[in-house]
Structure formats: C-alpha cells, structure tokens
Amino acid sequence: MNTIESMLPREKMQIDGIDKLSDVELLALFLRTGTRRYGVLSYAEHLLNHFGSLHGLLSAREQDLLQIEGIGIAKYAQLKGIAELARRFFNVRLMVLDDPLSSPDITREFLQSQLAHEEREIFLVIFLDNKNRVLKHCRLFSGTLSHVEVHPREIVREAMKVNAAGLILAHNHPSGSAQPSKADRIITERVIKCCNFMEISVLDHLIVGKGEIVSFAEEGWI
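Residues numbered from 1 in each chain as written. Predicted model: local features only at pLDDT ≥ 70, side-chain atom pairs only at ≥ 80, totals over all residues. Heavy atoms only, no water.

Visitor: Any details on the pairing of strand E3 (residues 166-172)? Residues and values, ideally.
Guide: In terms of burial, E3 is largely enclosed, as 7 of its 7 residues are buried. Taking every second residue as pointing to the same face, both faces of E3 are buried, with Gly-166, Ile-168, Ala-170 and Asn-172 on one and Leu-167, Leu-169 and His-171 on the other. In this structure, strand E1 (residues 122-128) lies alongside E3, joined through 6 bridges in antiparallel fashion. Paired with Val-125 across the bridge in E3 is Leu-169. (Buried < 20%, exposed > 50% of the residue type's maximum accessible area, 1.4 Å probe, protein only. Helix = DSSP H or I, 4+ residues; strand = E, 2+ residues; numbered from the N terminus. Pairing = 2+ DSSP bridges.)

This is the structure we're talking about:
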C-alpha cells in the first residue's frame, strides 16, 4: 500500500514535511535502527510507551536508559544528544528575540528545555534591556528536590552588571506540579521589593513543572 501512512519516516518527511511526523516516527528517524525483536518504528513506540512521553525518554537517567533492551552507550549518546541539541536550539532562539514577552510560547519552550529535566530545583533569571530584549540568562541558584535558596541581592547585582531594566524569574518543581508554594510567593515579593529600589522591573515569575508552566503575570500575581 503506497500511502504516506505506510512509508518510513524519511520518505513521509520528504513528501509531507517533518512537522507531519508523529513522535514515534520522529524518534525513529533519529534512532535509525531497532533491535532483533523490534523494527525501528516498533522500537521507538516501545521506548515512548515505557517512559511515557518524549520528555520522559529524553530526560531519563542514564541507569534507567541502559536497562532497556537495545540501549547501549551509542544509543544513550544519541538520545542525550537530541535533548542537548534541543536545549541549545531554544537557548539561541531566545537570545535573538526582539521581545520575549511578545513571544511567550518561545520563552516557555526555552524554560522547558532548560529546567524541566532537572532533578533538583534551579532558579534561573532572564535579564532584559529597556526594550525587553534579552541581555543574558543564567542559573543563579540551585537547591534540592524541593527547595532552592534565593538571594534577591545577588539577582540585583547580576542585573546591574549588564544594566538590565527588567527581569523574568523562573524555577522548576522536580516533583511535577507547577503550582506555586507559599515560599515561592514570598521570595517573588522579596525579589520585587529589592529590584524596585534599583528601578528594575520584575515582569514575570514562571514555575516549570512536568508538562506545565504557571506564570505569575498571567495569574495576576505580579
């Protein structure tokens, strides 16, 4: 049957475009080969089912991946390479935006690529100029599975180094839920107060969970 559905991913991509490939087909395109038990498409589907999603697969720990049939050092390197390539792509994509606030989806994709796979809480800050263009971004603080200690003065100090006029705060919740805790709300207020003294605006605080992001600005909390 010579239909697009019966074709291999490379053939389907050439006819219908890469955006029409399913997660299974796209993963198979990178894997290239299956195992003795599985063809490449069946193997890609097996991996996604086992880890629950592309995110689950690409953020899995080394020991968990190497336990899977057919994954040795070579395929492990392939999978981690895909994840790192995506992270770097979104990194560069954010830096060339004229205004990340006018492209919230790209900003969210960037934060997902940077934080969603982390196994401990990371606090990241995006520094903006007076036209909301990205000056730089950096991970300022790292913590444990459920807590990160944030120092507002350090954030202000970094902002002054690059003459930032505004900030976007972000951190992850490795536990999964992106709903802010009482501590998240308190530290946001502290950072805002500290920044106000230097006439630096805190434009948003985004919390990255598993498959979801909560924005303080969108919720009306900033």
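Visitor: Kindly report on the environment of Ser-22, identifying the contributing residues and their values.
Guide: Secondary-structure assignment places Ser-22 in the loop between helix H1 (9-16) and helix H2 (23-31). Ser-22 gets classed as partly exposed once you look at its relative accessible area, which sits at 33%.

Visitor: Requested: an account of the packing of helix H8 (residues 152-161) against helix H9 (residues 182-197), with residues and values cited.
Guide: If you want to describe how two helices pack, look at the angle between their axes and the distance between the axes. Between H8 and H9, the least distance of the axes is 9 Å, while the angle of their chain directions is 45°. In terms of axis orientation, H8 runs oblique to H9. For the crossing formed where H8 meets H9, the hand is right-handed. Along its contact with H8, which presents Pro-152, Arg-153, Ile-155 and Val-156, the element H9 presents Ile-187, Arg-190, Val-191, Cys-194 and Cys-195. Among the residues forming the contact of H8 with H9, the class breakdown is 7 nonpolar, no polar and 2 charged. (Axes fitted to C-alpha atoms, helices over the stretch in contact; angles between N-to-C directions. Parallel < 35°, antiparallel > 145°, perpendicular 65-115°, else oblique. Left-handed = near helix turned anticlockwise from the far one by under 90°. Contact = heavy atoms within 4.5 Å. Nonpolar A, V, L, I, M, F, W, Y, C, P; charged D, E, K, R; others polar.)

Visitor: Break down the pattern of salt bridges for me, with residues and values.
Guide: Any two side chains of opposite charge can pair if their charged atoms end up close together. If you walk through the whole model with that rule in mind, you get 12 salt bridges. Glu-25 is the partner of Lys-12 in a salt bridge, and the nearest nitrogen-oxygen pair spans 3.1 Å. Of this pair, Lys-12 sits in helix H1 while Glu-25 sits in helix H2; the two residues are 13 residues apart in sequence, bridging distant segments of the chain. Each of the two residues, Lys-12 as well as Glu-25, counts as buried. Overlapping salt bridges, with partners in common, bring together Glu-84, Arg-87 and Arg-88 in one network. (Salt bridge = Lys/Arg side-chain N within 4 Å of Asp/Glu carboxyl O.)

Visitor: Go over the sheet that holds strand E5 (residues 213-215) with me, naming the residues and quoting the values.
Guide: As summarised here, the arrangement of the 5 strands in space is E2-E1-E3-E4-E5, forming an open sheet in which the pairing is mixed. The open sheet has two edge strands, strand E2 (134-142) and E5, and neither has a second partner. Strand-to-strand twist of the sheet, defined as the mean angle between neighbouring strand axes without regard to direction, takes the value 20°. Sheet strands in contact with helix H6 (residues 73-95) are E1 and E2, and its direction is about 135° off that of E2. Running over the sheet, helix H7 (residues 104-115) touches E1, E2, E3, strand E4 (201-208) and E5 and is turned about 145° from E1.

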